[in-house]
Structure formats: structure tokens, C-alpha cells
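Remarks on the overall topology
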Amino acid sequence: MSADTQHGAPSGTHGRLGGVSDDAQHAVRFHDATKYYSLSETHPGDERIGIGDPAMRTGAIWQKDWDIKPFLYKVYETLPPIELGRDLPDAGRPALEAIAATGAEASGVVPDRALLGRLGLLTNGQLDRTWTTRDGRVHHYRTAGGTGAQYHLELYFVCTDLADLDAGVYHYCAIDHSLRLLRRGDFRAALVEATGNEPSIAAAPVVLVMTSTFWRNAWRYRERAYRHTYWDAGTSLSHILAVAASAHVATGLVFGYADPLVDALLDVDGVRESTVALVALGNSAARPRDAPAFGRLELATRRLSSAEVTFHAITDLHLASGLRTGGQAAQWRSRRWHRPARPPAGELTELRPLPDERLDPRPVEQIILRRRSTRNYDTDAEVAFDAFSTLLERSTRGVVSDVLTPGAPLTELYLIVNAVQGLAPGLYRHHPGRNAVELLRAGDFREDAARIAARQQYAGDAHVNLYYLAHLPSILQRYGDRGYRLAQLEGALHAGKLHLGTHALGLGAVGSTAFDDEVADFFSPHADGQDYMFVTVFGRRRRAR
Ligand SMILES: Cc1cc2nc3c(=O)[nH]c(=O)nc-3n(C[C@H](O)[C@H](O)[C@H](O)COP(=O)(O)O)c2cc1C
């Protein structure tokens, strides 16, 4: 299938990251090679975004060949669809409660077919809303946002016998909102083995496996698509976790697994399509019995493009950051750690979130259907301080996971506050443990906000910009190349929660991108050698006049 290859990861200079150990060098090189810059720095007058180190800098947005634009769905052509309902609860847990949940539910609720349908529909499902590409193709938007709407994620379920669904390995097909049965029988033990006996997986009646088909995003974004893999996965996982929490189903995110074993169970090749996260859904005492033997499936899927391009920087880092056995997964997980919070040096403002009784009672399922990206903000208005506080507090409680620790994020959150009632405009750092923000520098930074967010005006107009920065040397030292996946994903997961929360408060948000080194310079010296991982912005929408 592969028609072409792109060797796009130059050695780079990676000054600050130079001291990182050998098992993280792929991540260091990749990070440097996929930084965004303003091309005008090296090519005066060229206003495009550039990617790569100065010697090899080139235009970042690829999509040069519309003849090979990928189809954005995986469709098993020979398997019959298993229908799913579309009914959603119209009452239940308030959205902001479900969004904030860590997944540590004690209810014992076991997922059923309707929940699998809701998870698929409200994460990867298509909306009626469409857009037409310049070559005349009509695409559907999906329920979760994604970089450039180049939807590249797929969902699979591995389950025991449920009340209304037989044990099996299923693919969720977004194009017709259905399941396809890939393997019949209870294969959960294969995931227990692949994760080195991770307890949440061993106790889960259902495990959701999320994959990415890199080419679907790389067609537009080249090598940077690998960062997007984890940004979009984090965004989509925020939907999965909130929908499960809404149904009182316990969740556990798992990142320590033997990649080839999980990929083999789904029969994906691990190079073109690869597993990016597991989610344990539900919690029961019965551990799975041995899985039946399984081999290749050899099932035909619809062709995505007449030719595909392999970006070696992506496949090299993905393979280098892989774990090969369950034993390796358990060992990697045992490195679990979080960077100690740095104490504040500046003035603190305590957050004052809305009390529970003032939360919008609508459940998250209703909110998700209303969610859209907002790029048009009302620069004449402010965001209320209690709404700002609620969003920060509820989006950063963290999640139950094999490596991430609730309340102790790997990334640090820096804010550009443009217009929040009662808060001086300026730069702030969030201190989740103190439920406060620290003023770093007061001032009007709207112009800088638009500039560092890759010259996107909406960042200057939005009321708040949130930058998730990571001290990569510490993370990579601890977790090796695989730590890069975590560092990229965590901020997007919190931002995904925040995005849903804005809609429950009558506000709007959009995920974004940024010029890496300009971000680091802008937050310097406060950001202490940290790198930009993710940015999102939110605020009050400007109503049509
Ligand atoms: C991780 C992430 C990064 C994004 N980055 C940008 C961006 O830099 N600029 C932009 O205009 N939109 C950005 N978006 C918004 C997407 O373009 C949008 O989600 C997609 O077109 C689908 O539209 P919808 O969110 O309204 O459903 C981003 C979205 C996500 C999830």
C-alpha cells in the first residue's frame, strides 16, 4: 500500500534536552523536528507555518496531493453491522460533575450495549453537520473535535458476555453507528497479559481500545501528526470518561501495555494503525479466564487512499516507545511518578468555583451534542470569575490511570488571562493543590497570545488561553520515549474536559496549536525550562449581530 516515504526527522540541536538518557533520544529528536515556527523568520514575507529545524525548515501543512486524500473511516467490508441505539438520557448527573469525575466509581454498574453505543456515538460518531473540501468531497463532523477534522481515531471493545451483547472483540464503525464482530469469545485475558496484570484491566467486563491510523492526519500535518495522535486521543478520552461517569461506570486509563500484543488482538499492524490507549470500563470481581487462541483475521477494510505516505519520524518514535511484553509493561508502570509541585513565588488568588446546586443540570450527553469549536469571541465582555474557577478546578482533578495520578499532573498549566471579572489581565500559573492561580506578570497580552498561537487571532480575542507545559527532561528521564506519549496526551485530556465544561456554562472553546519556542520564550523565566505540549482557549462567544 505504501507508495512513498518521508524521512523528516533531522538530528536537530535539541540543546536543553541533550542530557536525556538513551532510551528517550527518539522523543527528543522528534520533538525538535516537529516544532512549529513562523516561516517568515527564515523566509521573509512567507506567512505560512514552518516545521523542522532551521536547516530543513519547510511549510508545515502538507495535504499537497488531493488525489490521495484519505477516507476518514475504517469500514470492514465483509462483516455485517450490529445495530446500536441512538437514545440518550435527557436527565442524570450534571455534565460538570461527570466531566470532573476521576473514574473511581464504586457503583459496580456493568456496561451494556447501550453504553457502548453512547461511547461510540458521543466520541467518534458523525453529526449531520458537514463541510465540503475543495475537491468537492463532503465530510461529516464528529462529536469530539480533532485536529483539522482529520479524524484518525478508531474505537474497539473487548468484552465478556454482557446482558445484551455476546463476548467478543468489536469495532465501532462511525460511518453507520454500528458494531462489527471481529472475534467471538472472551479475549480479555489477552489484555491482562499484555498489560502485565494491570488490576483495572483484570477487573473490567469491557476494555475500550483506542487506535490511530496515522496517515489520516499526516496527510495534512506531516510528522506533527504524531503529536496530534495524542492530542486528539486526549480530547476523545475526555468524552469517553465523562460518558462512562455519567452512567456511574468506573474507568481506568492504561498506557502501560505490550503494543504488539494489543495490536495483534485487533489485527492492526502497529505501524500504520496502532493502539494509543486502553480504558478499563466497569469493575467486577470475576477475573477473565484464559483467552481462546487467536491468529490473523485477514479481513478486508475499505481502502483509504490509492497510495499512502509513511512518515518515518512517526513510525520510528512509535516503535521506539513501544513495550514488547507484559513484563515490560509492568516494569514501565512501576516507574509511576509525578513532578513535585513548585511552590508559588507571586501573589495568589483563590479560585471560587460554583457550588454544586448552581451547576447546569443537563447531562453530559446533551452537552456533547451542542459542543462545537468557538473561534469568535466577544472582546467587549468578561468571563465571570466563578465560571473561570469552575472550569479550572473541574478540568484538572485528573483521572484514575496506571501511570497518571489524580491531582498531581505531569504538565503545568500556565494561563494568559485577557478578560476575567475581578482578575487583572496577565500571565498566571495554576496551582491545583492550592486551588489558586499565581500572578506571574500583569499586563495586556492579547497580541502575544495571537502571535504565539501560530498567529491565530482567536487566541488574542478569547478570554483565557491555557498552556499545558511539561518539563520534558524529567518526564523522559523517568519514562523513556514512551513518556512523550503521556506528556502530549495529558494536557489535551484536561483541555477536552474543559471544552465540554465551557458548553455547560454557556461559553465556548477551541483546541489550538502554537509556535513551540515562542511559547517557551514568552513564559520565560517562569516556565523553568519547560516545553509547550498543548494549548486551548475559551471565552464568551460573540453572538451574531
Ligand atoms: C487537539 C486540537 C487542536 C486543534 N487546533 C486547532 C487550531 O490550531 N486552529 C483551529 O482553528 N482549530 C483547531 N482545532 C479545532 C478543530 O479544527 C475542530 O475540532 C475540527 O475542525 C472539528 O470541528 P468542531 O470542533 O467544531 O467539531 C483543534 C482541535 C483539537 C481537538
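Above this note sits the structure.
Residues numbered from 1 in each chain as written. Predicted model: local features only at pLDDT ≥ 70, side-chain atom pairs only at ≥ 80, totals over all residues. Heavy atoms only, no water.

1. Section: the packing of helix α7 (residues 225-246) against helix α9 (residues 312-320)
- At a minimum axis separation of 9 Å, α7 and α9 run at an interaxial angle of 55 degrees. When the interaxial angle is binned, α7 and α9 end up oblique. The segment α7 lies against α9, with A225, Y226 and Y230 engaging I314, L317 and H318.
- Looking at the contact of α7 with α9, its residues break down into 5 nonpolar, 1 polar and no charged. (Axes fitted to C-alpha atoms, helices over the stretch in contact; angles between N-to-C directions. Helix = DSSP H or I, 4+ residues; strand = E, 2+ residues; numbered from the N terminus. Parallel < 35°, antiparallel > 145°, perpendicular 65-115°, else oblique. Contact = heavy atoms within 4.5 Å. Nonpolar A, V, L, I, M, F, W, Y, C, P; charged D, E, K, R; others polar.)

2. Examining the side chain of T251
- Mapped onto the fold, T251 is located in strand β12 (residues 251-254).
- Those residues in contact with T251 that sit more than four places away from it in its chain are T102, G103, L241, A244, V279, A280, L281 and V400.

3. Looking at the side chain of K69
- Mapped onto the elements, K69 comes out in the loop between β4 (58-59) and β5 (82-83).
- Within the buried set, K69 has no salt-bridge partner at all; the shortest N-O distance to an opposite charge, 7.1 Å, is to D135. (Buried < 20%, exposed > 50% of the residue type's maximum accessible area, 1.4 Å probe, protein only. Lys, Arg positive; Asp, Glu negative; His and termini not counted. Salt bridge = Lys/Arg side-chain N within 4 Å of Asp/Glu carboxyl O.)

4. Observations concerning the nonpolar core
- Counting 90 residues, the largest nonpolar core has F157, F255 and L281 as the members making the most contacts within it.
- With residues up to four places along the chain from it excluded, the contact list for L281 reads P111, L119, F157, A204, P205, V206, L208, A244, V249, A250 and T251. (Core = buried A, V, L, I, M, F, W, Y, C linked by side-chain atoms within 4.5 Å.)

5. Notes on helix α8 (residues 259-266)
- Listing the buried residues of α8 in full gives D259, V262, D263, L265 and L266. Taken down its axis, α8 places every buried residue within 155 degrees of arc, on the same side.
- At the C-terminal side of α8, D267 shows a positive phi close to 60 degrees. (Arc of directions from axis to C-beta.)

6. Observations concerning the sheet that holds strand β3 (residues 49-51)
- Judged by pairing direction, the sheet is antiparallel, and its 3 strands sit side by side in the order β2-β3-β4 without closing on themselves. Both outer strands of the open sheet, β2 (36-38) and β4, are each paired with one neighbouring strand and no more.
- As defined by bridge partners, β3 adjoins β4 across 2 bridges and the pair is classed as antiparallel. Note that in β4 the partner of I51 across the bridge is T58. (Pairing = 2+ DSSP bridges.)

7. A word on the site of the ligand
- The environment of the ligand is formed by 22 residues, the closest being R371, R372, S373, R375 and Q456.
- Between the ligand and the protein, one listed contact pairs a nitrogen atom with a backbone N or O atom of G511 at 3.2 Å.
- Tallied by class, residues from the shell around the ligand come to 7 nonpolar, 10 polar and 5 charged. (Near = heavy atom within 4 Å. Polar contact = N/O pair within 3.5 Å; in protein donor to acceptor, adjacent residues only side chain to side chain.)

8. What about the packing of aromatic side chains?
- Inspection of the entire model under this criterion finds 21 aromatic pairs.
- An aromatic cluster is built from W231, Y414, F445, Y467, Y468, F522, F523, Y532 and F534, whose rings are joined through pairwise contacts.
- For R441, the ring lying beneath its charged end belongs to F522, and the centroid distance is 5.6 Å. (Phe/Tyr/Trp six-rings, centres within 6.5 Å; stacked < 30°, edge-to-face > 60°. Lys NZ or Arg CZ within 6 Å of the ring centre and 35° of its normal.)

9. So, the environment of G256
- Within the element layout of this structure, G256 appears in the loop between β12 and α8.
- Distance from G256 to R333, taken between C-alpha atoms, is 5.8 Å for residues 77 residues apart in sequence.
- Setting aside its immediate chain neighbours within four residues, G256 contacts T195, L323, A329, W332, R333 and D402.

10. Focus on the packing of α7 against helix α16 (residues 482-504)
- One can describe the packing of α7 onto α16 by two numbers: an axis separation of 7 Å at closest approach and a directional angle of 45 degrees. Classed by the angle they form, the pair α7 and α16 counts as oblique. For the pair α7 and α16, the crossing hand works out as right-handed. Of the residues in α16, those touching α7 at Y226, R227, Y230, W231, A233, G234, T235, L237, S238, H239 and L241 are Y484, R485, Q488, L489, A492, L493, G496, K497 and L500.
- Partitioning the contact of α7 with α16 into residue classes produces 11 nonpolar, 6 polar and 3 charged. (Left-handed = near helix turned anticlockwise from the far one by under 90°.)

11. Remarks on the pattern of salt bridges
- Within the structure shown, the criterion is met by 32 salt bridges.
- Of the charged contacts in the structure, one is a salt bridge between R227 and D516, with a shortest N-O distance of 2.8 Å. Of this pair, R227 sits in helix α7 while D516 is found in helix α17 (residues 516-523), placing the two residues 289 residues apart along the sequence. Exposure class is identical for R227 and D516. Each is buried.
- Through salt bridges that share partners, R342, E412, R429 and E438 make up one connected network.

12. Digging into α7
- An ideal rise of 1.5 Å per residue puts 32 Å on 22 residues; α7 measures up with 31 Å between its terminal C-alpha atoms.
- Judged by how many residues are buried, α7 sits mostly within the fold: 22 of 22 residues are covered.
- Looking one or two residues beyond α7, the residue adopting positive phi is H248, at roughly 60 degrees. (Expected span 1.5 Å × (residues − 1).)

13. Re the sheet that holds strand β8 (residues 153-159)
- One open sheet accounts for 7 strands, arranged β5-β10-β9-β8-β11-β13-β12; its pairing is antiparallel. Across the chains shown, the open sheet's two edge strands, defined by having one partner strand only, are β5 and β12.
- Where β5 meets strand β10 (residues 178-184), 2 bridges bridge the pair, whose relative direction is antiparallel. Bridged to E83 within β10 is S178.
- Strands in contact with helix α6 (residues 214-221) are β8, β11 (206-213) and β13 (273-281); relative to β11, the strand with the most contacts, it is inclined by about 35 degrees.

14. Side note on the pairing of strand β16 (residues 412-417)
- Of all 6 residues that make up β16, 6 are buried, and the element is covered over most of its length.
- Burial along β16 is two-sided: the residues E412, Y414 and I416 and L413, L415 and V417 are all buried.
- Sheet analysis places β16 next to strand β17 (residues 426-431), joined by 4 bridges and oriented antiparallel. Across the sheet, the residue bridging to I416 is L427, located in β17.

15. Details of unusual backbone geometry
- Cis rather than trans, the peptide bond between S524 and P525 has omega equal to 5 degrees.
- Topologically, P525 is positioned in the loop between α17 and β21 (531-539).
- For H177, which is not a glycine, the phi torsion comes out positive at approximately 45 degrees.
- Mapped onto the elements, H177 comes out in the loop between β9 (168-173) and β10.
- Look at H177 and you get buried, because its relative accessible area is 3%.
- Backbone geometry places R222, a non-glycine residue, at a positive phi of 55 degrees.
- As for its position among the elements, R222 is in the loop between α6 and α7.
- Looking at R222, the relative accessible area reads 11%, which means it is buried.

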